[in-house]
Amino acid sequence: MMSSKEARSLKMLHLTTGRVGCLLSKQVVVALTSSGARMSSHGHHEVSDSVDMSQPMYWDRLDTPLPDRPWKDVLDSTDKSLKQKEKGPWTALSKEEKIALYRLKFNHTYPEMKRPSHEWKTVIGGMFIVFGITGLVVLWQCHYVYPPQPHTFGEEWQAKQVQRMLDMQINPIEGFSAQWDYKNKQWK
Amino acid sequence: MSLAKPAMRGLLGKRLRFHLPIAFALSLVAAAAFKYGVTEPRKQAYADFYKQYDTTKEFNNMREAGVFESVRPTGK
């Protein structure tokens, strides 16, 4: 079942990142792992972040909408009576009851899953920091690593090179020599 | 709270019927623009250049400037 495997791999990914405490995935970790208060409603008796992978899992994913199990496993008496009422005609359910049933089955709605985050600021900031460090490295290397420039880069040599190109009439129609006024010996 | 049923079929066809004529038209416009903006002026520029081109005169100019190895400048 590809959906469970994907969900399991995603869960494993943010388990490891939870341990590393990566700044970027912090929101992902918070969103997807269970907090202490919510753990009790699931009936899992884990203290740390370890999850029993042999049991059906819940996930909030945009691309796989229906998880293997509902959000709330362990129902108290009010929830149980609501579930009983759900077995009857649904037109008998009030709007609040329908919403309560939805919230029993799912953790986040699609808009809640899609809510924007501040992650982009971290990304852009990290990018600029790396650019800065790279710039410093390049500066150091320009000073300490590069050999002296070839003699053909000098001013005199470059001027003689330009004159030779004009004498040869390099690209006389649309290119280099086309910009040179041969009569008045100047650039057009 | 009853919404209209969304379109379930013919989505690709609808998209193609909309986008393909536009794509063809834009491609033709791009090709025509390049032809009449770039290639025709370029052909004209080359034609005009070579209408006024005196081969021998230019050769002698280049020879005097010293760019050839097969013929030295006159004198020496």
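Keep in mind that this is a model prediction, so the values were computed, not measured. (Residues numbered from 1 in each chain as written. Chains lettered and ligands numbered in written order. Predicted model: local features only at pLDDT ≥ 70, side-chain atom pairs only at ≥ 80, totals over all residues. Heavy atoms only, no water.)

**What to know about the overall build of chain A**
A tally of regular secondary structure across chain A gives 8 helices and 2 strands. Helices and strands in chain A line up, N terminus first, as α-α-α-α-α-α-α-α-β-β. Across the 188 residues in chain A, those meeting the buried criterion constitute 20%. Sequence separation of at least 24 residues holds for 49% of the intrachain contacts in chain A that already meet a minimum separation of 6. As presented, chain A carries roughly 14100 Å² of accessible surface, and 64% of it is formed by carbon and sulfur atoms. (Helix = DSSP H or I, 4+ residues; strand = E, 2+ residues; numbered from the N terminus. Buried < 20%, exposed > 50% of the residue type's maximum accessible area, 1.4 Å probe, protein only. Contact = heavy atoms within 4.5 Å. Areas by Shrake-Rupley, 256 points an atom, 1.4 Å probe, with all protein chains shown as cover.)

**A closer look at the environment of B:Thr39**
Among the structural elements, B:Thr39 can be located in helix H1 (residues 11–51). Within the local environment of B:Thr39, its side chain forms a polar contact with the backbone oxygen of B:Lys35, the two atoms lying 2.7 Å apart. (Polar contact = N/O pair within 3.5 Å; in protein donor to acceptor, adjacent residues only side chain to side chain.)

**Focus on the pattern of salt bridges**
Within this structure, the stated rule accounts for 11 salt bridges over all chains. As a salt-bridge pair, A:Asp73 and A:Arg69 come within 3.7 Å of each other at their nearest N and O atoms. A relative accessible area of 37% places A:Asp73 in the partly exposed class. The closest approach of N and O atoms between B:Glu40 and B:Lys43, which form a salt bridge, is 3.3 Å. One end of the pair is B:Glu40 and the other is B:Lys43, both in helix H1 and 3 residues apart, which spans about a single turn. For B:Glu40, a relative accessible area of 27% gives the class partly exposed. Members of the salt-bridge network, linked through shared partners, are B:Lys35, B:Glu40 and B:Lys43. (Salt bridge = Lys/Arg side-chain N within 4 Å of Asp/Glu carboxyl O.)

**As for the environment of A:Val162**
Residue and element names in this part refer to chain A. Of note, Val162 is situated in helix H8 (residues 155–167). Residue classification places Val162 among the partly exposed positions, given a relative accessible area of 29%. Between the alpha carbons of Val162 and Phe176 there is a distance of 9.7 Å; along the sequence they are 14 residues apart. Setting aside residues up to four positions removed in sequence, Val162 forms contacts with Phe176 and Trp187.

**Observations concerning the interface of chain A and chain B**
On the chain B side, the residues contacting the 7 residues of chain A number 11 residues. For the chain A face of the interface with chain B, the top three residues by lost area are A:Gln169, A:Ile173 and A:Glu174, together amounting to 62%. At the surface where chain A touches chain B, the tally comes to 1 salt bridge. Between A:Glu174 and B:Arg42 there is a salt bridge whose closest N-O contact spans 3.0 Å. For the pair chain A and chain B, the interface holds 2 residue pairs in polar contact (both at pLDDT 80 or more). Among the residues forming the side of chain A that touches chain B, the class breakdown is 3 nonpolar, 1 polar and 3 charged. (Buried area = accessible area lost by both parts, 1.4 Å probe. Nonpolar A, V, L, I, M, F, W, Y, C, P; charged D, E, K, R; others polar.)

**Quick notes on the confidence of the model for chain B**
Per-residue confidence for chain B gives a mean pLDDT of 94; residues scoring 70 or more make up 97%. ipTM for the predicted complex: 0.77, alongside a pTM of 0.55. (pLDDT = per-residue confidence, 0-100.)

**Quick look at the packing of aromatic side chains**
Counted according to the given criterion, the structure contains 10 aromatic pairs over all chains. On the numbers, 5.0 Å between centres and 55 degrees between planes, the contact of A:Tyr58 with A:Trp71 is tilted. On the criterion of sequence distance, the pair formed by A:Tyr58 in the loop between helix H3 (36–42) and helix H4 (77–86) and A:Trp71 in the loop between H3 and H4 is long-range, its members being 13 residues apart. Neither residue differs from the other here; A:Tyr58 and A:Trp71 are each classed as buried. In textbook terms, an aromatic cluster arises when at least three aromatic residues are bridged by ring pairs, as seen for A:Phe176, A:Trp180 and A:Trp187. The ring of B:Tyr36 is capped by B:Lys35, whose NZ or CZ atom sits 5.9 Å from the centre of that ring. (Phe/Tyr/Trp six-rings, centres within 6.5 Å; stacked < 30°, edge-to-face > 60°. Lys NZ or Arg CZ within 6 Å of the ring centre and 35° of its normal.)

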